[in-house]
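For reference, the chains in residue letters:
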Amino acid sequence: MAYAVFASSIYAANLTGHWVASFHADGTVRETHLYLKADENLLTGWMSSNAGNEKIQDGKITGDAFTFTIVQDRFGEEQRLEFTGKLTGQELTLTYPHPSDRPGRQVQFKQVSSAAPPEMPPNPAKISLPAAAPVAYNELAKAPPMGWNSWNKFANKVSDQLVRETADQMASNGMKDAGYVYINIDDTWEANRDANGNIQTNSKFPDMKALTAYVHSKGFKIGIYSSPGPKTCAGYEGSFQHEEQDAKSYAEWGFDYLKYDWCSATQVYDYHSMPAVYAKMGEALLHSGRPILFSLCQYGVLHVEKWGEKVGGNAWRTTGDISDNWKSMSHIGFDLQLELAPYAGPGHWNDPDMLEIGNGGMTDTEYRTHMSLWCLLAAPLLAGNDQRNMTPAIRDILENRELIAVDQDRLGKQATRVAKDGDLEVWARQLQDGSHAVGLFNRGGAQAKVTARWSDLGISGKAHVRDLWAHADRGEVPNEYSTDVQSHGVVMIKVSQ
Ligand code: GLA
């Protein structure tokens, strides 16, 4: 016991001071500062990062380890982030919590002074924008956008070469023919601004104009990414106070699609201004000189489905980030879309996030469920896998024309859940030709019989059934269709009279 107290106080003394972590990525640098004061086994101080200046709360030191909490306001709700840290020699390792159940991110800090922390400077007041006038429809996305996005598989490894290779592959592997049109660069392409405030690309993207020309020459369209905040979610340069200039740059470079991700906008704007913040970019894109599809990414907060269309959005994310596992995908796909169907339609879609199909964290059965749900939900279909090595099974899932036809159906009516019995769910959407696309899902751990009742579709009598995964007609069936469905699987049918 005496030893533990002694050890604590040694480490405690060493923790006091100013610590810095520098992130160098693709020619950009950003820093996080910790100003700590250790007093026996109590830790106080503050942290300064992209998120602004934040007080450390409940700081405790135990031996060479410590913990503290940062309390943030997340769109009106209190969010507590629990950090853990460890002092090893001269190096402090801080583990940031991960928003989902994945392991946290570890960051190394170096001490630059052992002085006690100065007072925490106040954060600048947040900007409130007046409500914006509705943004005119850009006539794009009559059906949900289809394409590919770099983030899910490659994150910060996206590069000019990867985008070219992806275009080459998609031109020849059936994806283009199946309707996947947009090849989208996500976060981490950005560098700082030049003397005139023009956004620059980092070393991974030497020539955007040449890249868009290449992608266009293969018969695709191409997308780019930014944030209304000063920094993107990965800490790169955002569009804050450069909205029109950036929209013009995207247009001049030849981009056709923008994903606009809230990220650090939280630090500069009162979040109630969010619709006006998005409208600003919506307008800027309209006047950029090029039709640019506008995809909103603000994790579905503030009921974006009620205003996404008015700010010029062609699609809006409805949830936080998807992960490549059953729990994440099924929760997003089944549970978090239930109320959203009335808000989707031609030109403006609910976006339950990009596809994880082919990334390895789910079985092919689960990926078929992922594809079926997204097609029923009239969701954007943005493949997120490595196009250079797709198994035939994954290709069959992503390129299933009968499923894609459901997603792209011109009526644009998003499915609703029409029946639920424990882990068994039936989802259905009406199609332009009067038929219904129906998913018979089994979320449970064992095979089970699932029944789709015609009465739940608003029809009666006999109906023709076609199985859209088996590509087989199942004949004329009265009243209902029952079939065995694998654990975590789906049978997807088209019901017509
Ligand atoms: C957020 C978005 C993701 C991705 C990353 C990039 O987390 O929700 O889809 O764009 O940022 O940093």
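Analysis parameters
- Counting restarts for each chain: residues are numbered from 1 in the order of the written sequence.
- Local features in this predicted model are restricted to residues of pLDDT 70 or higher, and side-chain atom pairs are both shown and tallied only at a pLDDT of 80 or more, whereas totals for entire chains, interfaces and linings draw on every residue.
- Side-chain metrics in this entry use all non-hydrogen atoms of the structure; hydrogen atoms and water are not considered.
- The start and end points of each domain follow an automatic or database-based domain assignment.
- The contact criterion used is simple: two residues touch if any of their non-hydrogen atoms lie within 4.5 Å.
- When two parts are put together, the accessible area they lose, computed with a 1.4 Å probe and summed over both, is reported as buried area.
- Throughout this description, a polar contact denotes any pair of N or O atoms lying within 3.5 Å of each other; where both atoms belong to protein, one of them has to be capable of donating a hydrogen while the other can accept it, and for residues adjacent in sequence the pair is counted only when both atoms sit in side chains.
- Here the term charged refers only to Asp, Glu, Lys and Arg, the term nonpolar to Ala, Val, Leu, Ile, Met, Phe, Trp, Tyr, Cys and Pro, and the term polar to all other amino acids, Gly among them.
- The helix count covers DSSP runs of H or I at least four residues long, the strand count covers runs of E at least two residues long, and both are numbered beginning at the N terminus.
- Pairs of cysteine sulfur atoms within 2.5 Å are identified as disulfides in what follows.
- Whether a residue is buried, partly exposed or exposed follows from its accessible area with a 1.4 Å probe, protein chains only, as a fraction of its type maximum: under 20%, in between, or over 50%, in that order.
- By convention in these notes, a salt bridge is any Lys or Arg side-chain nitrogen within 4 Å of a carboxyl oxygen on Asp or Glu.
- Should DSSP find at least two bridges between two strands, the strands are regarded as paired.
- Note on handedness: a crossover is taken as right-handed if, strands pointing away from the viewer, the path from the first strand over the helix to the second is clockwise.
- By this rule the span expected of a helix is its residue count minus one, scaled by 1.5 Å.
- Working note: the arc is built from the helix axis to C-beta atom directions.
- Only the stretch in contact is used when fitting a helix axis, every axis being a line fitted to C-alpha atoms; angles between N-to-C directions are given from 0 to 180 degrees.
- By the definition adopted for this analysis, an angle is roughly parallel if under 35 degrees, roughly antiparallel if over 145, roughly perpendicular if from 65 to 115, and oblique otherwise.
- Here a crossing is called left-handed whenever its near helix is offset anticlockwise from the far helix by less than a right angle, and right-handed whenever the offset is clockwise.

## A short note on the domain arrangement of the protein
Size of an interface: often given as the accessible area lost when the parts come together. Segmentation of the protein into domains returns domain 1 (2–113), domain 2 (146–414) and domain 3 (417–496). Using C-alpha coordinates to define each centre, domain 1 is positioned 33 Å away from domain 2. At the interface, 14 residues of domain 1 touch 21 residues of domain 2. Together, the buried faces of domain 1 and domain 2 total about 1,300 Å²; carbon and sulfur atoms form 52% of this surface. Counting every contact that joins domain 1 to domain 2 gives two residue pairs in polar contact (both at pLDDT 80 or more). Split by residue class, the side of domain 1 that touches domain 2 holds three nonpolar, five polar and six charged.

## Digging into unusual backbone geometry
Phi is positive for E139, close to 70°, though the residue is something other than glycine. Counting through the fold element by element, E139 comes out in the loop between β9 (105–113) and β10 (146–149). A positive phi angle is found at H303, which is not glycine, with a value near 50°. With respect to the element layout, H303 can be found in the loop between β16 (293–297) and β17 (315–317).

## A word on the state of the cysteines
Summed over the entire model, instances satisfying the criterion amount to one disulfide. Each sulfur of the disulfide joining C233 and C263 lies 1.9 Å from the other. In this structure the cystine formed by C233 and C263 twists about its S-S bond by roughly -95°; its chirality is therefore left-handed. In this pair, C233 sits in the loop between β14 (221–226) and α6 (243–253) while C263 sits in the loop between β15 (257–261) and α7 (265–268), placing the two residues 30 residues apart along the sequence. Of the residues examined, C233 reaches a relative accessible area of 47% and is grouped as partly exposed. Of the cysteine sulfurs around C297, a residue in no disulfide, the closest is that of C233, at 6.6 Å. By relative accessible area, which is 1% here, C297 ends up buried.

## Let's talk about the pattern of salt bridges
This structure, assessed with the given rule, holds 25 salt bridges. Two residues, E139 and K142, come together in a salt bridge whose shortest N-O distance is 3.0 Å. Of the residues examined, K142 reaches a relative accessible area of 37% and is grouped as partly exposed. Note that R290 and D256 form a salt bridge whose closest N and O atoms lie 2.7 Å from each other. Taken as a pair, R290 in the loop between α8 (274–286) and β16 and D256 in the loop between α6 and β15 lie far apart in primary sequence, 34 residues in all. A residue is classified by how much of its surface remains accessible, and R290, at 27% relative accessible area, is partly exposed. Classification of D256 as buried rests on a relative accessible area of 5%. Overlapping salt bridges, with partners in common, bring together D335, R417, K420, E425 and R443 in one network.

## Points about the pairing of β14
Burial of β14 is extensive: five of the six residues sit out of reach of the surface. By the bridge criterion, three bridges tie strand β11 (residues 182–184) to β14 in an arrangement that is parallel. Following the sheet pairing, Y182 is matched in β14 by K221. Bridge analysis of β14 against β15 gives four bridges, and the strand direction is parallel. Paired with S226 across the bridge in β15 is Y260. Taken together, β14, α6 and β15 form a β-α-β motif whose crossover is right-handed.

## As for helix α3 (residues 160–172)
Under the 1.5 Å per step criterion, the end-to-end length of α3 is 19 Å for 13 residues, consistent within 8% with the ideal 18 Å. Every buried residue belonging to α3 is among D160, L162, V163, T166, A167 and M170, and all of these are buried. The buried residues of α3 occupy one face: seen down the axis, they fall within an arc of 165°. In α3, the exposed residues that point more than 90 degrees away from the buried face are Q161 and S172. Buried residues along α3 sit in contact with β10, α2 (151–154), α4 (175–178), β11, α5 (208–217) and β14. The first or second residue beyond α3 is G174, which carries a positive phi of 95°.

## Looking at α6
The complete set of buried residues in α6 reads E243, D246, A247, S249, Y250, A251 and W253. Backbone geometry just downstream of α6 places G254 in the positive-phi region, at approximately 105°.

## What to know about the packing of helix α9 (residues 326–335) against helix α10 (residues 364–376)
The contact between α9 and α10 brings their axes to 10 Å, and the two run at 20°. What the angle tells us is that α9 and α10 run roughly parallel. By crossing handedness, the relation of α9 to α10 is classed as left-handed. Side by side, α9 and α10 meet where W326, M329, I332, G333 and F334 of the first sit next to E366, T369, H370, L373 and W374 of the second.

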